Amino acid sequence: MTTAPTPVPTPAATDQVSGGARVPTATPVPHKRVRSLSRLGGSWLATVPLLLFFLVGFGLPAVAIVIGAFTASSDAETGAGQFTTANLTDSVQGAYQTALWSSVKLSALTALLATLIGLPIAQAIVTSRFRALREAVLTASGVLANFGGLPLAFAFVATLGNAGEITKMFNLTDHGWSLYSFTGLTVVYLYFLVPLMVLTVTPALDGLRVQWREAAQNNRATGFQYWRHVALPILFPSLLGGFVLLFGSAFAAYATAAAMVGATVPLISRSIADALSGNVLVGQGNLALALSLDMILVAVLVMAVYLPLQRRSARWLS
């Protein structure tokens, strides 16, 4: 006859004698705080390459721009290398102020138009039953959103220029059309901004739940009322984020405008290029840095409006 092995008490079942009474003691477990700190340290370690890239790619150039904006150019006639605020003062006066405001107006107008045009296009492909159509439109949008510079300028000059095929076919010149103007540049910018808006707003439209539309229909709301009171308030932060992205893309664009309109339409990017190359005056290199700092400040102001609204939208679309 075999006897059952005597059970050995585990640490969790071990008792301690205290004042004649046995008090069970719990098994010691690793402290949760230690494990959370170790996980936090691992996550921070994984972000080190990204932080280094951000420091080298963005931090150092930003510091150089700020220092140069408040320093006289090395090739200036007097005071080279000394601290000065003349660069910033000059960057918001005269022709430079005109170029800055022209860039802001052009970027805001094209971003607004691209937002209004891109939203219904994105909604059409999101609600489409044809998956191949959705993939084709999104793929084309990805290609067209990155199509710019000299090839884009040449394509529009060949089609809508003074001797372009479409211009001659419909006699657009007789109706006051000119590609080399503010209006013409707006049309060109929409060519790559509308596809970019489609790519930006499509994920937000996918986040709209079917139950919200069904609930609105059950309460006898029309399609217009659904979009006005439900969909657009939820999408507004995402639309504003897309607007900011489009504004930044148009604001920083250079090659297309430089190749197509030259100095006909004053733009801040063209002014920076002229100051760096010395086309207007010699010794204006640091003035170009001051103009770049103005562009950064405009972008920061726009982002300050966008970020709080983006957090609000994330709560609904997540």
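Residues numbered from 1 in each chain as written. Predicted model: local features only at pLDDT ≥ 70, side-chain atom pairs only at ≥ 80, totals over all residues. Heavy atoms only, no water.

Draft legend 1. Just the pattern of salt bridges, in detail. Summed over the entire model, instances satisfying the criterion amount to 3 salt bridges. Two residues, D206 and R134, come together in a salt bridge whose shortest N-O distance is 2.8 Å. With D206 in helix α8 (residues 182–206) and R134 in helix α5 (residues 131–145), the pair connects residues that are 72 residues apart, well separated along the chain. (Salt bridge = Lys/Arg side-chain N within 4 Å of Asp/Glu carboxyl O. Helix = DSSP H or I, 4+ residues; strand = E, 2+ residues; numbered from the N terminus.)

Draft legend 2. Structural detail: the side chain of S292. As for its placement among the helices and strands, S292 is situated in helix α13 (residues 285–317). The contact partners of S292, leaving out residues within four places of it in the chain, are I65 and I272. (Contact = heavy atoms within 4.5 Å.)

Draft legend 3. Seen up close, the packing of helix α9 (residues 210–218) against helix α10 (residues 223–252). Interaxial distance between α9 and α10 falls to 10 Å at its minimum, and their mutual angle equals 160°. One element, α9, and the other, α10, form an angle in the roughly antiparallel class. Crossing handedness for the pair α9 and α10: right-handed. Judged by residue contacts, W212, R213 and A216 of α9 engage Y226, W227, V230 and I234 from α10. Here the residues of the contact of α9 with α10 sort into 6 nonpolar, no polar and 1 charged. (Axes fitted to C-alpha atoms, helices over the stretch in contact; angles between N-to-C directions. Parallel < 35°, antiparallel > 145°, perpendicular 65-115°, else oblique. Left-handed = near helix turned anticlockwise from the far one by under 90°. Nonpolar A, V, L, I, M, F, W, Y, C, P; charged D, E, K, R; others polar.)

Draft legend 4. Geometry of a nonpolar patch on the surface. Taken together, the side chains of L45, V48, L52, L55, V56 and L60 define a hydrophobic patch exposed on the protein surface, amounting to about 580 Å² of accessible area. Per-element tally for the nonpolar patch: the top contributor is helix α2 (residues 48–69), with 5 residues. In this fold, L52 is placed in helix α2. (Patch = residues over 30% accessible without salt bridge, like charges linked within 9 Å, V, L, I, M, F, W, Y side chains within 5 Å. Areas by Shrake-Rupley, 256 points an atom, 1.4 Å probe, with all protein chains shown as cover.)

Draft legend 5. Quick peek at the confidence of the model for the protein. Predicted confidence across the protein gives a mean pLDDT of 80, with 79% of residues reaching 70 or more. Contacts of residues 10–15 to residues separated by more than four positions or lying in other chains number 11 contacts, the stretch itself having pLDDT below 50. (pLDDT = per-residue confidence, 0-100.)

Draft legend 6. Looking closely at the environment of N87. Structurally, the position occupied by N87 is in helix α3 (residues 86–91). Not counting the four nearest positions on each side in its chain, N87 is found in contact with G68, A69, T71, A72, N286, L287 and A290. Looking at N87, its side chain comes within polar contact range of the main-chain oxygen of T71, at 2.9 Å. (Polar contact = N/O pair within 3.5 Å; in protein donor to acceptor, adjacent residues only side chain to side chain.)

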